[in-house]
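Examination of the molecular architecture
So the chains spell out like this:
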Amino acid sequence: MDRIRIVGGKELNGTIPISGAKNAALPLMIASLLTADRLTLDNVPNLADVNMLVRILGNHGVDYTINGKRAGENGTTGRTIHLTAGEIVDTLAPYELVSKMRASFWVIAPLLARMGEAKVSLPGGCAIGTRPVDLLLMVLERLGASVDIDAGYVVTKAGSGGLKGAEIEFPKVTVGGTHTALMAASLAHGKSVVHNAAREPEIVDLADCLNKMGARIRGAGTSTIEIDGVAHLSGTRHAVLPDRIEAGTYACAVAMTGGDVMLEGVRPELFQSALDAIEKAGAVVTTTNEGVRIKRNGAGISPVDVTTAPFPGFPTDLQAQFMALMTRAKGQSKITETIFENRFMHVQELARLGSHIRLDGDCAIVEGVERLKGAPVMATDLRASVSLVIAALAAEGETMVNRVYHLDRGFENLERKLGACGAQIERVSAPG
Ligand code: EPZ
């Protein structure tokens, strides 16, 4: 199993190209199930989760090529993916696949909308919380489908006339619930209105792509989305939006180490709340045509309190990375997690590097320290793992980050991107 070895203490200087967003690419790929025509996606990151999802979609009958090559010819690397669900051969998504990647549960919406039925394994819990799917199922029921749970599977069927447009009101903001509503309601009869919809940029990206496919969606990016159902959708070509979480992660890294890095290809409005916090911490943020530039010279890191919230609030997917930055602030900061109930597993690993963090319910109180010291660490999820990389970049001596497969799920070329900016970082194969 691979590990990442980091020797801390180097400033970061240079340019980091920001990849396409994992969390936009996944629902866009799933939307290919809604049409028999070809959906071409550009700027798709080469990540373990993306590569897993093409295999899952293949199971339902989606024919795919990556950079012009047929499946299997060149593995699953590449940046342009063509997906054609000419015929859905299976509306069953088995436990073995759904349990590997939670977002694959979302296939339930297009399968139901197009085929009138789906049987999809419940995704189960995961490292950051229980993560129920009750609100996703509520969407299907509101659109007139029956929903039963049978032996760990959700079995859903549309009535004889197909799905019917409805008012859908979410009691809490849910990204996956909103994706589900957009996909299912696009092929329903009549009009749907989604209240308290998620406003994340990835929702807007999916709605833009669906509209290019012939859907009639208005208001994506606001909390009320209207969808006029259409009889069928067609193919299109769409470029995945830049990854705001990847950009925010590298912004935290530069604020941590000092230096001057251009985050190429990202737009500030995608992660403004994070940029505001990073600026308060002492970095200088400037926007150019190329992207967002982060610079910190000389002065130390100031403590900043943050509370995670749905977009446009501070993203939960940057909470661990920002906490890593705060471990070296000059004073105390408070980080509050409101989205997931168990998203502090990085705390005990950051402690191995010498940080002082106390947990109090949904808050982490971080006492900044002057120095961190390298150590072997491991993490249980993607964002937690990368927070350890950020801390390691500023720690004295060597840190070995274990369980690198978490990083490979969501960060394209992490060690190459950081290495090109001067970090001493390499991937090593672990013995055994
Ligand atoms: C998406 O997950 C992202 N995943 C997550 O990114 C991200 O952390 C999360 O949104 C919040 O921004 C993808 O886009 C693939 P939610 P999702 O439904 O859609 C509760 C990463 O590291 N809830 O917005 O699953 C839920 O438990 C990942 O890239 C219900 O109660 O998140 C949570 O407390 C991790 N019932 C809150 O809502 C439901 O039916 C928000 O979850 C659904 C959700």
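This report concerns the structure included in the present document. Only a predicted model underlies this, so the values are computations on that prediction, with no experimental measurement involved.

A look at the overall build of the chain
Of the regular secondary structure elements, the chain holds 14 helices and 25 strands. The C-alpha radius of gyration of the chain comes to 22 Å, within 12% of the 22 Å expected for a compact globule of 432 residues. If you line up the chain on its principal axes, its C-alpha atoms span 65 × 45 × 45 Å. In the chain, which comprises 432 residues, the proportion classed as buried is 57%. In the chain, the share of contacts with a sequence separation of at least 24, taken over all contacts with a separation of at least 6, comes to 75%. When the accessible area of the chain is evaluated, it comes to approximately 16300 Å², of which 48% is carbon and sulfur surface. Positive and negative side-chain charges in the chain, numbering 44 and 47 respectively, have mean positions lying 2 Å apart.

Digging into the site of the ligand
Every one of the 23 residues lining the ligand counts as a neighbour, but Asp134, Leu135, Asp317, Ile339 and Arg383 are closest to it. Lysine 22 places a side-chain nitrogen or oxygen 3.0 Å from an oxygen atom of the ligand. Contact distances for the ligand include 2.7 Å between an oxygen atom and a side-chain N or O atom of arginine 383. Relative to its unbound accessible surface of 830 Å², the ligand loses 89% to contact with the protein. Of all the elements in the fold, those that place two or more residues in the shell around the ligand are helix H1 (22–30), helix H5 (134–142) and helix H6 (175–186). When residues of the shell around the ligand are assigned to their parent elements, the largest contribution, 3 residues, is made by H5. For the shell around the ligand, the residue count by class is 11 nonpolar, 4 polar and 8 charged.

Observations regarding unusual backbone geometry
Residue proline 312 is bonded to the preceding phenylalanine 311 through a cis peptide linkage, with omega at 10°. Turning to its location among the elements, proline 312 is positioned in the loop between strand E19 (306–307) and helix H10 (319–326). Not every positive phi belongs to a glycine, and alanine 151 is a case in point at roughly 50°. With respect to the helices, strands and loops of the structure, alanine 151 is situated in the loop between strand E9 (146–150) and strand E10 (153–157).

Section: the pairing of strand E3 (residues 38–42)
Buried residues dominate E3, accounting for 4 of its 5 residues. Pairing between E3 and strand E6 (residues 81–84): 4 bridges, direction antiparallel. Within E6, the position partnered with leucine 41 by the bridge is isoleucine 81. Both E3 and strand E15 (residues 236–239) contribute to a ladder of 4 bridges, which runs parallel. Considered in E15, the bridge of leucine 39 is made with threonine 236.

Focus: the packing of aromatic side chains
For the coordinates displayed, the defined rule picks out 1 aromatic pair. On the numbers, 5.5 Å between centres and 65° between planes, the contact of phenylalanine 314 with phenylalanine 322 is edge-to-face. The same class applies to phenylalanine 314 and to phenylalanine 322, which are both buried.

As for the nonpolar core
Ranked by size, the top nonpolar core spans 154 residues in total, and within it Leu210, Leu263, Phe322, Met326 and Val389 carry the most contacts. Top element by residues in this core is helix H12 (residues 382–394). It accounts for 10 residues.

Side note on helix H9 (residues 272–280)
Each α-helix turn comprises 3.6 residues. Residues three or four places apart therefore point the same way. Taken as a whole, H9 has its buried residues at Ser273, Ala274, Leu275, Ala277 and Ile278. In this fold, the buried residues of H9 make contact with helix H8 (244–257), strand E17 (284–287), strand E18 (291–296), E19 and H10. Among the residues trailing H9, glycine 282 stands out with phi positive, at a value near 125°.

Focus on the pattern of salt bridges
Evaluated as defined, the whole model comprises 19 salt bridges. Between arginine 237 and aspartate 42 there is a salt bridge, with the nearest N and O atoms lying 2.8 Å from each other. Of this pair, arginine 237 sits in strand E15 while aspartate 42 sits in strand E3, and the two are 195 residues apart along the sequence. A residue is classified by how much of its surface remains accessible, and arginine 237, at 48% relative accessible area, is partly exposed. A salt bridge links arginine 218 to aspartate 228, with the shortest nitrogen-to-oxygen separation between them at 3.0 Å.

Rules of the game
- Residues numbered from 1 in each chain as written.
- Predicted model: local features only at pLDDT ≥ 70, side-chain atom pairs only at ≥ 80, totals over all residues.
- Heavy atoms only, no water.
- Helix = DSSP H or I, 4+ residues; strand = E, 2+ residues; numbered from the N terminus.
- Rg over C-alpha atoms; globule rule 2.2 N^0.38 Å.
- Buried < 20%, exposed > 50% of the residue type's maximum accessible area, 1.4 Å probe, protein only.
- Contact = heavy atoms within 4.5 Å.
- Areas by Shrake-Rupley, 256 points an atom, 1.4 Å probe, with all protein chains shown as cover.
- Lys, Arg positive; Asp, Glu negative; His and termini not counted.
- Charge placed at Lys NZ, Arg CZ, Asp CG, Glu CD.
- Near = heavy atom within 4 Å.
- Polar contact = N/O pair within 3.5 Å; in protein donor to acceptor, adjacent residues only side chain to side chain.
- Nonpolar A, V, L, I, M, F, W, Y, C, P; charged D, E, K, R; others polar.
- Pairing = 2+ DSSP bridges.
- Phe/Tyr/Trp six-rings, centres within 6.5 Å; stacked < 30°, edge-to-face > 60°.
- Core = buried A, V, L, I, M, F, W, Y, C linked by side-chain atoms within 4.5 Å.
- Salt bridge = Lys/Arg side-chain N within 4 Å of Asp/Glu carboxyl O.

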